Amino acid sequence: MKKRIALILLGLILATALFAATSTRFTKYGNIFKSGEFMLKSTMYELDDRGSKVGNPSPVTVAEHAGSYYMEATENGETFKVLIKDGKMNMISDAEKSIMVMSMDGMDDSDTIDMPETVDVLSSGNDKLDGKTYYYEKAKAPDGTVSTYWYNGNDLYAIQSVDSIMYINSLTQKPDASLFEVPSGYEVMDMSALFSMFGDMGTDDYSSSSGDDYDWEAALAGVDWSALLGDSSSWDSDYSSDDSWWDDDEDDTPNYYSLGRYLGLNDSQAEEFSTAMYAIAYMNWGTLNTYATNGTFDFKGQKLEDVAYLAGYEMTALRKLVEGFKK
């Protein structure tokens, strides 16, 4: 879970670090971010020491609406969501239909939402990325970190840091408002009391007293341990003899590119196949299904790409995939 949280927050930091890049190419993007209403869909890869991509891609969405923030990432086939709203951080698991809630009180916002006011462009020019030539700008944030912003013409193509690269799939100033609603009917685990306890332990009051004097019962009163730990009778049998549940290295992420190559596609065809499959998997089906009628969709005059926030190249890949079934 820690790895997934770090990935999501990294995506947010990278996206908002674009806030004020001193570049004419960035102006239109800066205006969208400054509006406080946006949704950025991207694909992120980890980089090794040589700057080469490793592992499988992780789709990442970052959005802001009415002062709330939404982050979503898929890693190893599992989607993880974070909604920061009304002073609370909600970590949402659709698979488990659960929400872990933590209060933002006392939490340093810069740890989760980094919006520097200035970014200094250090150098620019043309260079190769993924075998193709793009225009780039290296920019330095106030915290000293340096990122490279890649442009395909005037369009922002990718953002590269020391250990990751994020490809920009789409950016819209019309975020899906449904993303900012806390799901109903989910099991809620309020961790605010537990995390505030650790904050209190660092105060002078606690330091001057012994552990025996600390009011553990009061600090933990708000924690629903049954919801957090589940059925204690099955705990030992489920976890005591098998430590595989701790293993976060198991790679079960869909590898559509390799599948395409196996099925006989060439490199470019496999890339398009992968793009189409990820676009399908990453659609907001909760929203799309509200338009379902009589075994099809009626978007009431809108286009699929507008409702699903699909980039042009994603729609092209989808149409090519579908055309193959018509032959």
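Computed from a predicted structure; not experimentally measured.

**Focus on unusual backbone geometry**
Positive phi outside glycine occurs at Asp86, with the angle close to 55 degrees. Relative to the elements of secondary structure, Asp86 occurs in the loop between β4 (78-85) and β5 (88-93). Even without being a glycine, Asn294 presents a positive backbone phi close to 55 degrees. You can see Asn294 is positioned in the loop between β13 (292-293) and β14 (296-297). Judged by its relative accessible area of 80%, Asn294 falls in the exposed class.

**Things to note about the packing of aromatic side chains**
Applying the stated criterion to the full structure yields 10 aromatic pairs. Residues Tyr45 and Tyr167 carry aromatic rings whose centres are separated by 5.9 Å and whose planes lie at 85 degrees to one another, so their mutual orientation is edge-to-face. Pair noted here: Tyr45 is in strand β1 (residues 38-47) and Tyr167 is in strand β11 (residues 164-172), with a separation of 122 residues, a long-range link. In terms of burial, Tyr45 and Tyr167 fall into one category: buried. Note on Tyr167: relative accessible area 9%, which makes it buried. An aromatic cluster is built from Tyr45, Tyr134, Tyr157 and Tyr167, whose rings are joined through pairwise contacts. The ring of Tyr45 has Lys53 lying over it, and the distance from NZ or CZ to the ring centre is 4.6 Å.

**Focus: the packing of helix α9 (residues 267-282) against helix α12 (residues 312-326)**
Across the interface, α9 lies against α12 with an axial gap of 8 Å and an inter-helix angle of 105 degrees. Considering their axes alone, α9 and α12 lie roughly perpendicular with respect to each other. Across the interface between the two elements, Glu272, Phe273, Thr275, Ala276, Met277, Ala279 and Ile280 of α9 pack against Tyr313, Glu314, Ala317, Leu318, Lys320 and Leu321 of α12. Each residue belonging to the contact of α9 with α12 can be placed in one class, and the counts come to 9 nonpolar, 1 polar and 3 charged.

**Quick look at the environment of Glu37**
In this structure, Glu37 sits in the loop between α2 (27-34) and β1. When the C-alpha positions of Glu37 and Thr172 are compared, they lie 8.5 Å apart, and in sequence the two are 135 residues distant. When neighbours within four sequence positions are excluded, Glu37 is seen to be in contact with Ile32, Glu64, His65, Ala66, Thr172, Gln173 and Pro175. For Glu37, the side chain forms a polar contact with the main-chain nitrogen of Ala66, separated by 2.8 Å.

**Structural notes on α12**
The first and last C-alpha atoms of α12 sit 21 Å apart over 15 residues, in line with the 21 Å expected at 1.5 Å per residue. Of the surrounding secondary structure, the elements contacted by the buried residues of α12 are β11, α9 and α11 (304-307).

**Some thoughts on the side chain of Ser274**
Relative to the helices and strands, Ser274 is located in helix α9. On the basis of relative accessibility, which here comes to 10%, the residue Ser274 falls in the buried class. Once residues lying within four places of it in the same chain are set aside, the contact partners of Ser274 are Tyr256 and Tyr257.

**Structural notes on the confidence of the model for the chain**
Put simply, the chain has an average pLDDT of 74, and 68% of its residues get 70 or more. Ranking the elements of the chain by mean pLDDT puts helix α4 (residues 204-207) last, at 43, and β14 first, at 92. Here residues 109-118 is a poorly scored stretch, pLDDT under 50, and it has 27 contacts once near neighbours within four places are set aside; other chains count. Here residues 232-246 scores under 50 on pLDDT; set against residues more than four positions off or in separate chains, the count is 5 contacts.

**With respect to α2**
If you check which residues of α2 are buried, you get Tyr29, Gly30, Ile32 and Phe33. Within α2, the buried residues cover an arc of 160 degrees as seen down the axis, which keeps them to one side. A positive backbone phi angle near 80 degrees is found at Gly36, which sits one or two residues after α2.

**What to know about the pairing of strand β10 (residues 155-160)**
Relative to β10, strand β9 (residues 146-152) runs antiparallel, the two sharing 5 bridges. Within the sheet, the bridge partner assigned to Thr148 lies in β10 and is Gln160. The hairpin formed by β9 and β10 contains 2 residues between the paired strands, and Gly153 there has a positive phi angle of roughly 70 degrees. Pairing of β10 with β11 involves 3 bridges; the strand directions are antiparallel.

Conventions and cut-offs
Residues numbered from 1 in each chain as written. Predicted model: local features only at pLDDT ≥ 70, side-chain atom pairs only at ≥ 80, totals over all residues. Heavy atoms only, no water. Helix = DSSP H or I, 4+ residues; strand = E, 2+ residues; numbered from the N terminus. Buried < 20%, exposed > 50% of the residue type's maximum accessible area, 1.4 Å probe, protein only. Phe/Tyr/Trp six-rings, centres within 6.5 Å; stacked < 30°, edge-to-face > 60°. Lys NZ or Arg CZ within 6 Å of the ring centre and 35° of its normal. Axes fitted to C-alpha atoms, helices over the stretch in contact; angles between N-to-C directions. Parallel < 35°, antiparallel > 145°, perpendicular 65-115°, else oblique. Contact = heavy atoms within 4.5 Å. Nonpolar A, V, L, I, M, F, W, Y, C, P; charged D, E, K, R; others polar. Polar contact = N/O pair within 3.5 Å; in protein donor to acceptor, adjacent residues only side chain to side chain. Expected span 1.5 Å × (residues − 1). pLDDT = per-residue confidence, 0-100. Arc of directions from axis to C-beta. Pairing = 2+ DSSP bridges.

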